[in-house]
Amino acid sequence: MKRWTVPLLLLLLLGALKTPLESRLAAEERQAGFQSSSVSSRHRSRLGQMGFIAALSGFRAAVADAYWIRAHNAWKRTEWPRLFGLLDTATQLQPKSILFWEMAHFHMAYDAAIEVLENSTREPSLPLRLKAKREYLALGEQFLLDGLRFNPQSSRLYDLLGQLYSRRFDDPARAAEAYAAAARCPNPPQYVRRFEAFELAKIPGRERDAYTKLRALYLESPRNHVPTLLQNLQRLQQKLGVPLAERVYDRPTLSATPETPLPLLPPQPPNPPPSR
């Protein structure tokens, strides 16, 4: 029994040293936001053995940058399925990088979705091209949603989500929600509050909510007096029947003003007689 004493003591000593080290590393991972970002089996198959070992050995940023460079080459060759795999792996390796999520969503929801729809030589069937467009739009949306899971206080990602719902999905309700979430984040862009109101103004039945927000923004600061806000404010005042005395902005339309005739030219003095 004595010959097992030394190995047993060594194991106990290593365990005592390993436990606080692992606890400290786990705490650092949670603080950095990596605790919820695990390298899944599909990512491991893409990384390969050496890349997987490097990612787990403290070289996540270097491996992610390498995959980002490869993704750029795939984007230039319009290899969309391969591009998605590379972007998916890179974002999971660097989940706190806002730029990675932003560009990943843009490549899918804009570059890929537009190209597969317009490129009839790649796929002659229009229904299949529309289906591929919808799939890439969904992938772009998912990149932003995943990015917000790791960065819940990012006004930039919420802003991009609002733009995506407004421009690509034509969904003003979800766009307004995204802009409202962006406004609640620290240091949001000033325009997201206006954009929320603009999207609400597009939704039937939400005109009163939109008018209330637009009116408050108008009274808040002259910096909010942009043409789109003024146009929406005037349109909603007329649609909701706001009394003239309560309107904060009311510019008469050109059609309501009588046409002003051009002024007559003043009479010209006669030419002087030629000198003798």
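Residues numbered from 1 in each chain as written. Predicted model: local features only at pLDDT ≥ 70, side-chain atom pairs only at ≥ 80, totals over all residues. Heavy atoms only, no water.

Draft legend 1. Structural view of the pattern of salt bridges. Per the counting criterion, the structure on display carries 13 salt bridges. With its nearest N and O atoms 3.1 Å apart, the salt bridge here joins glutamate 115 to arginine 122. The exposure class of glutamate 115 is buried, given its relative accessible area of 17%. Taking the relative accessible area as the measure of exposure, arginine 122 reaches 42% and is therefore partly exposed. (Salt bridge = Lys/Arg side-chain N within 4 Å of Asp/Glu carboxyl O. Buried < 20%, exposed > 50% of the residue type's maximum accessible area, 1.4 Å probe, protein only.)

Draft legend 2. Fine view of the packing of helix H8 (residues 172–184) against helix H9 (residues 191–201). Their axes nearest at 8 Å, the elements H8 and H9 cross at an angle of 160°. By the angle class used here, H8 and H9 are roughly antiparallel. Regarding H8 and H9, the two cross each other, and that crossing is left-handed. Between H8 and H9, the contacting residues are Pro172, Ala175, Ala176, Tyr179, Ala180, Ala182 and Ala183 on the first element and Val192, Arg193, Phe195, Glu196, Glu199 and Leu200 on the second. (Axes fitted to C-alpha atoms, helices over the stretch in contact; angles between N-to-C directions. Helix = DSSP H or I, 4+ residues; strand = E, 2+ residues; numbered from the N terminus. Parallel < 35°, antiparallel > 145°, perpendicular 65-115°, else oblique. Left-handed = near helix turned anticlockwise from the far one by under 90°. Contact = heavy atoms within 4.5 Å.)

Draft legend 3. Broad picture of helix H7 (residues 155–167). The end-to-end C-alpha separation of H7 is 18 Å, in line with the 18 Å expected for 13 residues at 1.5 Å each. Judged by how many residues are buried, H7 sits mostly within the fold: ten of 13 residues are covered. Listed as buried for H7 are Ser155, Leu157, Asp159, Leu160, Leu161, Gly162, Gln163, Leu164, Tyr165 and Ser166. Residues of H7 that are buried in the fold lie against helix H5 (98–118), helix H6 (126–150), H8 and H9. (Expected span 1.5 Å × (residues − 1).)

Draft legend 4. Just the environment of leucine 87, in detail. Looking at where leucine 87 falls in the secondary structure, it is placed in helix H4 (residues 80–93). Between the alpha carbons of leucine 87 and arginine 70 there is a distance of 9.2 Å; along the sequence they are 17 residues apart. Beyond its immediate chain neighbours, meaning those up to four positions away, leucine 87 contacts Trp68, Ala71, Ala104, His107, Met108 and Phe143.

Draft legend 5. Representation of the confidence of the model for the protein. In the predicted model, the protein carries a mean pLDDT of 81, and 70% of its residues have values of at least 70. Confidence drops under a pLDDT of 50 for residues 32–57, and excluding neighbours within four residues, the segment shows 47 contacts in the predicted structure. Counting contacts from residues 254–268, a segment whose pLDDT is below 50, to residues more than four positions away or on other chains yields zero contacts. (pLDDT = per-residue confidence, 0-100.)

Draft legend 6. Summary view of the packing of helix H3 (residues 60–76) against H4. Packing of H3 against H4 leaves a shortest axis separation of 8 Å and a crossing angle of 160°. It follows from the interaxial angle that H3 and H4 lie roughly antiparallel. You can see that H3 and H4 cross each other, and the crossing is left-handed. Here Arg60, Val63, Ala64, Tyr67, Trp68, Arg70, Ala71, Ala74 and Trp75 of H3 lie close against H4, whose contacting residues are Trp80, Arg82, Leu83, Leu86, Leu87, Thr89, Ala90, Gln92 and Leu93.

Draft legend 7. Quick look at unusual backbone geometry. Positive phi values are uncommon outside glycine, yet threonine 78 reaches one of about 50°. Structurally, the position occupied by threonine 78 is in the loop between H3 and H4. We classify threonine 78 as partly exposed; its relative accessible area is 28%. The residue aspartate 170 is not glycine, and still its phi comes out positive at about 50°. By secondary structure assignment, the location of aspartate 170 is in the loop between H7 and H8.

Draft legend 8. The arrangement of the packing of aromatic side chains in detail. According to the stated counting rule, one finds ten aromatic pairs in the structure shown. For the pair phenylalanine 84 and phenylalanine 143, a centre-to-centre distance of 5.8 Å together with 55° between the ring planes defines the contact as tilted. In this pair, phenylalanine 84 is assigned in helix H4 and phenylalanine 143 in helix H6, connecting sequence segments 59 residues apart. Ring centres 5.0 Å apart and planes at 45° place the aromatic pair tyrosine 191 and phenylalanine 195 in the tilted group. A residue pair is termed a helical-turn pair when its members lie 3 or 4 positions apart in one helix, as tyrosine 191 and phenylalanine 195 do in helix H9 at four residues. Taking the ring centre of tyrosine 67 as reference, the NZ or CZ of arginine 70 above it sits at 4.8 Å. (Phe/Tyr/Trp six-rings, centres within 6.5 Å; stacked < 30°, edge-to-face > 60°. Lys NZ or Arg CZ within 6 Å of the ring centre and 35° of its normal.)

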